[in-house]
Amino acid sequence: MVQPDELKRLIREVPDFPKPGILFYDITTLLKDARGFQQAVEALASQLDADAFDLLAGIEARGFIFAGALAYRFGKGLVPVRKPGKLPAATVREEYALEYGTDAVEIHQDAIQPGTRVVIVDDVLATGGTARAAARLIERAGGKVAGIVFLIELDFLRGRENLAGYPVHSILHYSA
Ligand code: AMP
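Enquirer: For the overall build of the protein, give the residues involved together with the corresponding values.
Expert: When helices and strands are counted, the protein shows six helices and nine strands. Against the globule reference of 16 Å for 176 residues, the protein gives a C-alpha radius of gyration of 16 Å, in line with a compact fold. In terms of principal-axis extent, the alpha carbons of the protein reach across some 40 × 40 × 30 Å. The 176 residues of the protein split such that 44% are buried. Carbon and sulfur atoms form 51% of the exposed surface of the protein, whose accessible area is close to 9000 Å².

Structure follows, in structure tokens:
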């Protein structure tokens, strides 16, 4: 099994993106490394029990990449959680607060059958607002959130507190 430090070395840290003061964790450098990508997916998979969930939900856009790989790995289906206006059929929407203003995520109205156990996947846990909105969407559709997995957790933003009550797993931790 690859060590967390090896994976961290493959993640590029870009200062002041997308705005001044933000240190952006760029996973494109990890994805293009065949072993790194594979090991990242395996590390995420090691947090999940195939018998304990039915479906994966990937958050746009980088969450799709890991959710797709995990769906294939476990032989499960995948539901995309998308930014507003991207999904073609009838949707349900959940808004959430940003530092300035609001944002929203959507799923198709018929994406989740009642009782379905869903694992949410994204690349980075920052404030947790996006993942929490995704969790609420799944619950509104009658699903149950079986877990939320991230490759990276920015511990200093305390996003985990925003996700209290959900089983949250992340592989790589960063402090300020
Ligand atoms: P949040 O809702 O604050 O947890 O933000 C999560 C979303 O923003 C995720 O989809 C991440 O991909 C992205 N994100 C937030 N902060 C960063 C960061 N410092 N580096 C890379 N992606 C980030």
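Enquirer: How would you summarise the environment of Ser170 if you had to cite specific residues and measurements?
Expert: Looking at the secondary structure, you find Ser170 in strand β9 (residues 168–174). With 67 residues separating them in the primary sequence, Ser170 and Asp103 have C-alpha atoms 24 Å apart. Apart from residues lying up to four places away in sequence, Ser170 is in contact with Phe150, Leu151, Ile152, Glu153 and Arg160. A polar atom in the side chain of Ser170 sits 3.4 Å from the side chain of Arg160.

Enquirer: I'd love a proper account of the site of the ligand, names of residues and values included.
Expert: As a structural note, the neighbourhood of the ligand is formed by 13 residues, with Arg62, Asp122, Asp123, Thr127 and Thr130 the closest of them. Within the backbone of Leu23, a nitrogen or oxygen atom sits 2.9 Å from a nitrogen atom of the ligand. One of the backbone nitrogen or oxygen atoms of Ala126 is found 3.0 Å away from an oxygen atom of the ligand. Within the complex, 81% of the 490 Å² of free accessible area of the ligand lies under protein. Contributing elements (two or more residues each) for the shell around the ligand: β2 (23–26), β7 (117–125) and α5 (129–140). Split into classes, the residues belonging to the shell around the ligand amount to six nonpolar, four polar and three charged.

Enquirer: Mind laying out helix α4 (residues 62–74), listing which residues take part and the relevant values?
Expert: When the terminal C-alpha atoms of α4 are compared, their 19 Å separation across 13 residues agrees well with the 18 Å that a helix rising 1.5 Å per residue should span. Of the surrounding elements, those touching the buried residues of α4 are α2 (28–31), α3 (34–45), β3 (55–59), β4 (77–81), β7 and β8 (144–154). Backbone geometry just after α4 places Gly75 at a positive phi near 65°.

Enquirer: Can you explain the sheet that holds β8? Please cite residues and give values.
Expert: Taken in spatial order, the five strands line up as β4-β3-β7-β8-β9 in an open sheet, and their pairing is parallel. Both outer strands of the open sheet, β4 and β9, are each paired with one neighbouring strand and no more. On average, each strand axis in the sheet is tilted by 20° relative to the strand beside it, whichever way the strands run. Of the strand pairs in this sheet, β3 and β7 are connected by four bridges, and their pairing is parallel.

Thresholds, definitions, all that
- Per chain, residues are indexed from 1 in the order of the written sequence.
- Totals for whole chains, interfaces and linings use all residues, but because this is a predicted model, local features are given only for residues with pLDDT of at least 70 and pairs of side-chain atoms are given and counted only at 80 or more.
- Calculation of side-chain values draws on the structure's entire complement of heavy atoms; hydrogens and water are dropped beforehand.
- Secondary structure elements follow DSSP: runs of H or I of four or more residues count as helices, runs of E of two or more count as strands, with numbering from the N terminus.
- Between the two quantities, the radius of gyration covers C-alpha atoms and the globule rule is 2.2 Å times the number of residues to the power 0.38.
- When accessible area is computed with a 1.4 Å probe and restricted to protein chains, residues below 20% of their type maximum are described as buried, those above 50% as exposed, and intermediate ones as partly exposed.
- Note that accessible areas follow from Shrake-Rupley with a 1.4 Å probe, and for residues the cover is restricted to the protein chains shown.
- Contacts are assigned to residue pairs with any non-hydrogen atoms lying within 4.5 Å of each other.
- Distance and chemistry together define a polar contact, namely a pair of N or O atoms within 3.5 Å, with one atom able to donate a hydrogen and the other to accept it when in protein, and with adjacent residues in sequence counting only for side-chain atoms on both sides.
- The near set for a molecule or strand comprises every residue that places at least one heavy atom within 4 Å of it.
- In this classification, the charged set is Asp, Glu, Lys and Arg, the nonpolar set is Ala, Val, Leu, Ile, Met, Phe, Trp, Tyr, Cys and Pro, and all remaining amino acids, among them Gly, are polar.
- To estimate the expected span of a helix, count its residues, drop one, and scale the result by 1.5 Å.
- Whether two strands pair comes down to DSSP finding at least two bridges between them.
- Interaxial angles span 0 to 180 degrees and are taken between N-to-C directions of axes, which are lines fitted to C-alpha atoms, for helices over the stretch in contact.

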